[in-house]
Structure formats: C-alpha cells, structure tokens
Amino acid sequence: MQTQRMMRGAHLVQSSWQEEGIERLENGRGAGLAQRESGVVRRATGLGWFSVALGAAEILAPLAIAGIAGARIRPQTRTAMRLLGLRELANGAGILSQPRASAWLWARVVGDAIDLALLGKVLASPRCRRARTLTAMASVLGVTALDVRTAIECSRNERGLAEPEGIHVLSAITVNRPREEVYRFWRDLEHLPQFMAHLESVKVENGRSKWRAKGPVGVPIEWEAEIVSDQPNENLAWRSCTGADVPNQGSVRFLDAPRGRGTEVRVELRYDPPTGALGAAVAKLFGAEPGQEIAADLRRFKQVMETGEVLHSDASIHRGPHPARPSGPSSDGDRKRTLGRGSRQQKERRVAR
Amino acid sequence: MKANCWMHRKSVAIQDVPDPKILNSRDAIIRVTTTAICGSDLHLYNGFVPTMERGDVLGHEFMGEVVEVGRGVNNLSVGDRVVVPFPIACGGCLACQEGNTSLCENSNPNSWMAATMWGHSPAGIFGYSHMLGGFAGGQAEYARVPFADVGPLKIPNGLTDEQVLFLSDIFPTGYMGAEMCNIQPGDVIAVWGAGPVGQFAIASARMLGAERVIAIDRFPYRLRMATDRAGATETINYEKEDVQEALNALTGGRGPDACIDAVGLEAHGHGPMYAYDRTKQALMLQPDRPTALRQAIQACKNGGIVSVIGVYGGFIDKFPMGAIVNRSLTIRSGQCHVHRYLQPLLQRIETGQIDPSFVITHRLPLAEAARGFEMFMNKVDNCEKVVLKAA
C-alpha cells in the first residue's frame with residue numbers, strides 16, 4: 001500500500017512538471033515568432049562567418065586587404081591589419097558560438113564604426129587611392145546597415161525569450177527524518193524564514209499568514225497568504241490573498257523515500273511579479289537562477305531537520321572578508337594590495353571594541 | 001591569533017586573524033597543539049584547487065585541547081585532548097549514518113559550488129577551499145570545529161601528539177586505500193607514491209594480510225622508508241626502470257592483485273605522455289595530471305582493483321577506459337571516511353601494532369609554516385612529513 005501511494009505521488013509530480021513545460025513552450029514561442037527568429041539566426045550566422053572570413057584574410061594577407069581599401073602601405077600597416085583581423089575573428093567566433101549572439105552583433109557594429117573611422121583617416125591622407133577607399137567605405141556602410149538591423153532584431157528576440165513570465169521553480173531534497181516530523185515542521189509556516197533566504201518573517205494570525213520578504217533596496221515586500229490545501233503528512237499548498245503586490249503560491253509534497261531513506265520533499269514555488277520596477281526588483285531578488293536559490297533553501301531546510309540548525313562556516317556568513325582573513329598587511333610583495341582591506345578590517349575591529 | 005594563510009599561488013604566510021568563535025551550538029573551539037602539512041595542501045599551494053581566496057586559513061590535520069564548547073556538545077569538556085578528522089560530518093544525515101562521513105550531506109554550506117563542479121557536493125573540509133565549505137583550517141593557534149559532538153576523538157593519556165595526530169587524515173586515508181583493495185591472504189599490492197599517505201597504505205596493506213607490497217616512487221629516501229619502516233617488500237624507482245615491466249617481472253607477468261594510487265593530480269613521470277599532460281595542465285586544458293593513475297590501471301592484473309586515494313579535483317585526459325572494461329578492473333575511490341576508522345586505528349596504535357610517527361622527518365614551529373611548505377614541496381633535506389608545533 002505504501003508503494004502504491006508512493007508511485008501515485010511520483011506520477012503526480014511528474015505530470016505536473018510536464019504540464020508546466022508545455023505551458024511555458026506555448027507562451028514563450030509562438031510559431032510565427034519561431035519563424036521570424038530563424039531568419040534572424042540565419043542572418044546572424046552569415047555575419048558570423050563573414051567576420052571569420054574577413055578576419056582570416058586580414059591576418060593572412062594584411063597588405064593585400066589594405067591595398068584593396070586604397071591605403072598607403074606603411075611599416076605599421078601589417079600589424080594594424082592583423083589586429084583588425086583578430087578582432088573580426090573573435091567577433092565571428094562569438095556570434096557563432098555564444099548563446100547571446102546580440103552582444104557580439106553589437107560588437108560588430110562598433111567594429112564597423114572603427115573601420116569607417118580608419119577609412120576616413122585614409123581618405124584624408126594625401127596619397128590614398130580615393131576610388132578604392134570610397135568603394136571600401138560604401139561596402140562597410142552596407143554591412144553596417146545589415147549589422148545594425150540584425151543586432152536590433154536579435155536583441156529583441158533574446159529579450160522576448162528572457163521576458164519574465166513569472167518565476168516558477170521546482171526543487172526536491174531528501175530529508176533523513178520521518179514524514180510526519182518533516183510535515184509538522186513545514187506546516188508551521190513561521191519556520192520558513194529559518195531556511196528560506198529571501199524571507200524575513202512569516203506570522204500566522206487567524207488562519208491567515210503575513211509574509212515579509214527582503215526587498216532589493218531595503219524596502220521589504222509584504223503580503224498575506226492562505227493555506228489552500230492541507231493533507232497532513234502528504235502535501236501542503238498556500239497562495240497569496242488578493243491584493244498582494246507580488247501574487248505568489250507555493251506547494252510542498254512529502255513522500256516516503258525508498259528504502260527507508262527518510263522523506264522526499266518536493267517544493268514548487270511560483271511568483272508572478274507585475275511588469276515594471278517592482279517586478280524587476282523581485283526578479284533580481286531571486287537572482288539569475290531562482291532554481292539554485294530554492295535548492296539552497298532546501299539544503300538549509302535539511303540541515304535544520306537533520307542537525308538542528310543552519311550550519312555556518314567562516315565564509316558562509318560573511319560576504320567578502322571574513323574572520324579567517326588577515327587583518328593586517330602581509331609579506332612585502334603583497335603589502336600594497338592588502339593595505340586597503342587590512343586597514344578596513346582594523347577599523348571594523350576598533351568599532352567592535 | 002596567528003594562522004597560516006593561503007596568500008596566492010606558491011605563497012603561504014603567517015597572519016594575524018581574528019580568533020574563531022562558536023557559530024553553531026554544536027561547535028567547539030580547540031587550542032591547536034600539533035598540526036601538519038598534508039600532501040593535499042600542496043595542491044592548494046600550487047594553485048590546483050579552485051575557489052581558494054587570499055587569506056584562507058589552511059590545515060586539515062590538527063589536534064589540540066578543547067577550550068570552549070557550544071551548548072549542543074555534551075560529550076566533550078574543556079581540557080579534553082582531541083584529534084579532529086579532516087572531513088566535517090553532522091552524524092544525522094543518511095551518508096553519516098551509513099558511515100560515509102566524507103559525504104556528509106549537511107556540512108558544506110557552499111554545497112552549490114561543489115555541486116556545480118562535481119554534480120553533487122561531498123562533506124565540508126577544514127581549510128580546503130570555499131567550494132568545500134570555506135572553513136578556517138587548523139594550521140593556527142585555535143580552530144573552530146563544527147559538529148564537535150560527532151568528529152573529535154578523545155585521546156587517552158600516555159599517547160603523544162605525534163603518535164595520534166595522523167588519525168586526522170593520512171593514516172586512515174592510507175588504511176582505507178588498502179581496505180578498498182579487498183586484500184586476500186597472499187595478495188600482491190602495488191602502491192604508487194611513497195609519500196606519507198603511501199607509507200600508511202603500505203603499512204595498512206601489510207596489516208590487512210598482503211604478502212608482498214611494492215612501493216613505487218622516484219626518491220630513494222622515500223623508498224627506503226617504505227621498506228625499512230612501512231613494510232614494503234619491493235621497490236621500483238620509476239625514474240630508473242619502466243614500471244609496467246618491473247611489475248610484470250615481480251609478479252610473474254600477471255600484475256599486482258590491486259594497485260593503490262597515493263599520488264593524485266600532480267603526478268610526475270617521464271616520456272612524451274608526461275610532457276603532454278604537463279603542457280595541457282599548464283595551459284589549463286586539463287586540471288589534473290593522471291600519470292600514476294594511468295600506470296596503475298595498465299599494470300593491475302586482470303579482474304583486479306585500482307584503489308584511488310590520491311586527490312583529483314577535476315577532469316583527466318586519455319583515461320584508459322578500454323583497459324578497465326576489457327580487463328574487468330574495479331576502480332574504488334573516495335575521500336577518507338575518517339570517523340569510522342578512528343577507534344579501530346587508535347586501538348592499533350595503543351596495542352603497538354603501528355606507530356604512525358615514523359613518517360615525521362621535520363618538526364617546525366607554526367611560525368615557520370611557510371618554510372615547511374617549501375621544504376615539503378621541493379623535497380628538501382629528504383622531507384617526508386612536516387609537523388608544526390604550537391608555540
């Protein structure tokens with residue numbers, strides 16, 4: 001019977017994760033968007049290879065390329081052309097290999113500007129071949145237009161994909177304690193701030209709970225929440241009441257881990273920050289990877305359940321310099337670098353005294 | 001207090017640092033009486049372990065006297081003399097309860113860093129990078145010991161610091177290396193590296209019933225210690241002979257029943273393969289240099305065990321997976337689960353089966369830690385093991 005319940009539980013979790021996946025897919029990328037995107041991607045890839053080819057040419061045949069641009073060959077021309085070639089190569093490699101091609105496309109635009117400036121300088125010099133230089137400038141202008149257009153579209157697409165559609169995280173951990181005990185601890189919502197880093201406090205009053213989370217600029221975010229589902233020792237779900245600045249909900253399932261390994265705790269949190277400044281602030285609060293944040297919360301939850309409290313190390317409670325840090329300047333060679341930190345710590349120690 | 005701090009690559013220095021404080025209820029503060037420099041500290045020294053920060057207090061082999069206990073520690077009192085195991089273990093998670101204390105699931109507050117690198121996080125370790133917890137180490141006048149109700153071993157009177165200090169790491173590590181070989185009477189065991197851990201692997205293999213133990217190193221003084229003190233029956237100097245050929249000659253062409261790699265990621269060797277590894281490591285294309293491990297795999301008899309206790313941190317190249325699969329080899333490894341060996345090995349010391357202090361060649365005051373690192377690193381004056389004494 002126990003096995004049956006476990007299997008059902010596992011299935012439930014799985015299907016809910018899958019549904020989320022589908023929903024996100026539909027919201028994020030419509031068919032039209034995908035099509036438009038593929039055009040941009042093709043163009044960006046083309047520009048990437050163009051960069052690589054031009055870079056290679058500038059490195060392998062610097063004087064020939066300078067000649068095509070109508071420049072007078074001087075002693076430093078070879079090196080200068082090769083440097084430009086290196087820039088092109090790096091640019092091309094960036095566009096072709098990096099996940100955020102837009103940044104590299106904008107770098108191409110900057111490169112175009114540099115090239116135009118250099119060509120302008122060539123044009124101003126008395127012994128240039130004007131026809132060639134003007135042709136080169138026209139070509140660069142053409143490419144620049146293409147670069148700008150592709151960069152704008154690419155940026156827009158990337159922003160579109162990254163657009164916050166709510167923060168939704170799932171995480172799981174196994175706690176080496178009986179299911180009843182793990183449920184009981186979590187059921188007292190006032191315990192949550194002990195291990196959830198972004199929470200300052202939770203107060204339970206008359207069936208409702210008042211939550212207070214750390215705000216990004218020191219202004220806390222507050223909301224009220226209610227329990228929407230409570231099956232003792234199995235699962236628990238809560239949701240913010242209407243009127244919350246940041247509507248959010250959470251649920252946690254408790255399952256017997258196989259082979260008596262304790263309790264599997266599966267947590268799902270969803271925050272729907274409004275667009276605008278508050279939304280951005282909330283998103284920032286959760287960091288670039290909210291999944292990692294909640295995973296760290298669950299590690300701390302496990303510590304509390306299994307060892308009685310959250311474990312600290314010298315480095316974990318002090319960002320930057322911590323107690324295991326030298327408080328004075330060190331050996332000769334490093335004196336200069338440590339002085340700043342050393343004197344700051346000494347100041348702190350004085351204050352502490 | 002004074003502590004030996006990692007400053008940057010190839011530089012450690014004694015610094016004034018704030019005294020440790022009780023941060024958790026199950027902490028204890030130890031006044032360190034004796035500590036040591038471990039071969040794995042050299043990996044930090046040489047900059048092969050990521051997430052070290054300037055000023056981190058080093059040291060994971062230490063012992064001393066309890067000077068303060070948190071309210072959650074009931075089994076220790078002020079004045080107790082204890083040895084501290086290098087992995088930090090909570091005692092409450094499944095890994096701890098199964099005896100795998102170096103895999104404690106709760107003792108690494110920076111577990112995400114380790115998980116990023118290795119998939120999951122092992123236990124926190126004293127003085128061994130932020131990825132493994134960011135705990136200040138024991139090459140200091142005082143040290144904070146988390147979960148002091150689980151780790152520290154009380155030392156009975158009558159045993160000196162030097163006799164029991166190595167229970168903190170290298171003796172159990174060498175012992176576990178031998179234990180993982182599943183030694184049967186009559187077995188032949190080959191041990192790569194006759195550093196301190198190698199010496200204890202050799203001695204332990206003999207204690208566990210190996211008939212012959214072959215020590216492999218390039219320093220004659222280390223090979224001498226292996227035969228004269230640890231009980232190796234044969235030695236191979238890999239700079240003088242080809243290891244594979246020599247092992248075949250010594251084992252009737254079969255290869256050793258089990259091989260222990262007590263070298264780790266900074267192995268030395270010769271020939272084009274070594275040059276290749278060295279270059280790749282220098283160019284940061286390959287963090288670890290697996291010369292010894294490859295040799296151990298190639299040399300091991302068909303169906304044998306390769307026991308890896310040398311430290312590896314990241315990834316290696318040209319891993320002879322073909323030899324492992326086609327010759328049914330078993331690879332066993334792990335950071336030592338020190339806690340489970342404390343009592344049994346203490347008993348072996350008490351009954352006189354072994355006196356671990358035989359590896360000590362140099363005794364320095366803590367203040368001269370930097371000199372100790374240099375000597376150990378460069379094998380100056382036949383350096384095998386440096387012990388640091390509190391002033």
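Residues numbered from 1 in each chain as written. Chains lettered and ligands numbered in written order. Predicted model: local features only at pLDDT ≥ 70, side-chain atom pairs only at ≥ 80, totals over all residues.

**Topic: the overall build of chain A**
Secondary structure assignment for chain A yields 10 helices and seven strands. Looking at the 353 residues of chain A, the share that counts as buried comes to 28%. Put simply, of all contacts in chain A between residues at least 6 apart along the chain, 54% involve residues at least 24 apart. (Helix = DSSP H or I, 4+ residues; strand = E, 2+ residues; numbered from the N terminus. Buried ≥ 20, exposed ≤ 12 C-beta atoms within 10 Å, placed from the backbone. Contact = placed C-beta atoms within 7 Å.)

**Points about the domain arrangement of chain B**
A common way to express how large an interface is: the accessible area buried when the components associate. All names here are of chain B. Per the domain assignment, the segments of chain B are domain 1 (2-169 + 336-389) and domain 2 (174-333). One C-alpha centre belongs to domain 1, the other to domain 2; they are set 26 Å apart. If you look at the interface, domain 1 gives 18 residues, while domain 2 gives 18 residues. Listed by contribution, the elements that provide at least two residues to the side of domain 1 that touches domain 2 are α1 (39-45) and α12 (338-350). (Domains from an automatic or database assignment.)

**Points about the sheet that holds strand β1 (residues 2-8) of chain B**
Overall, antiparallel pairing links the three strands, which are arranged β2-β1-β4 (chain B) in an open sheet. Of all strands in the sheet, those bounded by a partner on one side alone are β2 (11-16) and β4 (56-57) of chain B. (Pairing = 2+ DSSP bridges.)

**Overview of the nonpolar core**
Counting 125 residues, the largest nonpolar core has I30, I189, V191, A201, I202, I214 and I260 of chain B as the members making the most contacts within it. Here this core takes six residues from helix α6 (residues 196-207) of chain B, the largest share from any one element. Of the residues that make up this core, three or more belong to each of domain 1 (2-169 + 336-389) and domain 2 (174-333) of chain B. What V191 of chain B contacts, discounting residues up to four positions off in sequence, is G198, A201, I202, V213, I214, A215, I216, I260 and A262 of chain B. Counting 26 residues, the second-largest nonpolar core is a separate cluster that includes A225, L236, L269 and M305 of chain A. (Core = buried A, V, L, I, M, F, W, Y, C linked by C-beta atoms within 7 Å.)

**A look at the domain arrangement of chain A**
Split into domains, chain A comes out as domain 1 (34-162) and domain 2 (165-307). Taking the mean C-alpha position of each, domain 1 of chain A and domain 2 of chain A sit 50 Å from one another.

**Things to note about the sheet that holds strand β2 (residues 199-205) of chain A**
All names here are of chain A. A sheet is described by the order of its strands in space; here seven strands give the open sequence β1-β7-β6-β5-β4-β3-β2, paired in antiparallel fashion. Bordering the open sheet on either side are β1 (167-175) and β2, each of which pairs with just one other strand. Averaged over all adjacent pairs, the angle separating strand axes in this sheet is 20°, with direction ignored. Here nine bridges tie strand β6 (residues 248-256) to strand β7 (residues 263-271), and the two strands are oriented antiparallel to one another. Across the sheet, F254 pairs through a bridge with V265, a residue of β7. Here helix α7 (residues 179-187) sits on the sheet and contacts β1, β5 (235-240), β6 and β7; the angle it forms with β6, its principal contact strand, is near 165°. (Axes fitted to C-alpha atoms, helices over the stretch in contact; angles between N-to-C directions.)

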